[in-house]
Amino acid sequence: MNKLQVIGNLVLLLWCIEETSAYPLGAPTDVCDTMIPGSSHGSTQPDSTSPYAITSSAIPNGYIPGQTYTVTISKNSESDTDFKGFLCQVRQVGQLQPIGTFAPRDAVKAQPLDCSREAGAVTHQNRDTVSMQVFDWTASGVGAETEVEVVCTVVQTLKTLWVKLRSATFKELEV
């Protein structure tokens, strides 16, 4: 084997290692608290530069435990930048534990993830590029007037990502 073949094989090996460590089949449960993907991903971008919006049909009116609401990751109106990966949870503001459960609307592109509870989060199912993802979130109670928010990590490319992007806050309604 000549030097050129050795170098070519080394480059191919390094590329394969980097690609396989990028969680193409979704986030693992060991990142549920931090929501930070492995070291193969690039540095976190500032929230202010995010081309994505995190929204819920529970905003601004609030939610009722047991009811189902939509959660959406979408491109901002001025952006044409799709994304490849994501991890979303609904959390009480300032807390790590997810509340409620997620069900993806597109099981080919998204899957529930067991973070502290069954289906406490939702993540990507493959590395296909998408412009929007919509999920169903079934609310659980944390106490009336307690503020919660949707928290998502969104991966645009292997080296470009935003960690813990937040929606506007919303509250559990007294029934």
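For the structure itself, consult the block above.
Think of each chain on its own: its residues are numbered from 1, step by step along the sequence as written. The predicted origin of the model limits local features to residues at a pLDDT of at least 70 and limits the giving and counting of side-chain atom pairs to 80 or more, whereas totals for whole chains, interfaces and linings rest on all residues. To obtain the side-chain values, all non-hydrogen atoms of the structure were included, while hydrogens and water were left out.

**So, a nonpolar patch on the surface**
In step 1: Any residue with relative accessible area above 30% and no salt bridge may belong to a patch, with like charges joined within 9 Å and the nonpolar Val, Leu, Ile, Met, Phe, Trp and Tyr side chains within 5 Å. Residue burial considers only the protein chains on display, and all accessible areas are found by Shrake-Rupley using a 1.4 Å probe. Only one rule defines a salt bridge in this text: a Lys or Arg side-chain nitrogen within 4 Å of an Asp or Glu carboxyl oxygen. A surface patch of nonpolar side chains, about 280 Å² in accessible area, is lined by Ile64, Leu173 and Val175.
In step 2: Numbering of helices and strands runs from the N terminus, with a helix taken as a DSSP run of H or I at least four residues long and a strand as a DSSP run of E at least two residues long. Looking at the element boundaries, Val175 is found in the segment after strand E10 (170–171).

**Here we look at the state of the cysteines**
In step 1: By convention in this document, the label disulfide applies to cysteine sulfur atom pairs within 2.5 Å. Within the structure shown, the criterion is met by 2 disulfides.
In step 2: Covalent S-S linkage joins Cys32 and Cys115, the inter-sulfur distance amounting to 1.9 Å. As the torsion about the S-S bond is roughly -70°, the Cys32-Cys115 disulfide counts as left-handed. In this pair, Cys32 sits in the loop between helix H1 (3–20) and strand E1 (52–56) while Cys115 sits in the loop between strand E5 (110–113) and strand E6 (121–124), placing the two residues 83 residues apart along the sequence.
In step 3: Sulfur-sulfur distance for the disulfide between Cys88 and Cys152 comes to 2.1 Å. Looking down the S-S bond of the Cys88 and Cys152 bridge, the torsion is 115°, so its handedness is right-handed. Of the two residues, Cys88 sits in strand E3 (residues 85–92) while Cys152 sits in strand E8 (residues 147–157), which places them 64 residues apart along the sequence.

**A short note on the sheet that holds strand E4 (residues 101–104)**
In step 1: If DSSP finds at least two bridges between two strands, the strands pair. Judged by pairing direction, the sheet is antiparallel, and its 4 strands sit side by side in the order E1-E2-E7-E4 without closing on themselves. Pairing within the sheet leaves two strands with one partner each, and these edge strands are E1 and E4. For this sheet the average axis-to-axis angle between neighbouring strands, irrespective of direction, equals 25°. Lines fitted to C-alpha atoms define the axes, with helix axes restricted to the stretch in contact, and inter-axis angles between N-to-C directions lie between 0 and 180 degrees.

**Considerations on the nonpolar core**
In step 1: Among the nonpolar cores identified, the biggest contains 26 residues, and Tyr63, Ile73, Val90, Phe135, Trp137, Val154 and Phe170 are the most heavily contacted of them.
In step 2: Considering each element in turn, this core owes the most residues, 4 residues, to E8.
In step 3: Other than its neighbours up to four places away in sequence, Phe135 contacts Tyr69, Thr70, Val71, Ile73, Phe86, Cys88, Phe102, Ala103, Pro104, Arg105, Ala110 and Val122.
In step 4: If you look at the next biggest cluster of nonpolar residues, it comprises 9 residues, including Ala27, Cys32, Leu87 and Cys115. What we call a nonpolar core is a set of buried Ala, Val, Leu, Ile, Met, Phe, Trp, Tyr and Cys residues that are connected through their side-chain atoms within 4.5 Å. For every residue, the accessible area obtained with a 1.4 Å probe (protein chains only) is divided by the maximum for its type, and the residue is called buried under 20%, exposed over 50%, and partly exposed between those limits. By the convention used here, residues are in contact when the closest approach between their heavy atoms is within 4.5 Å.

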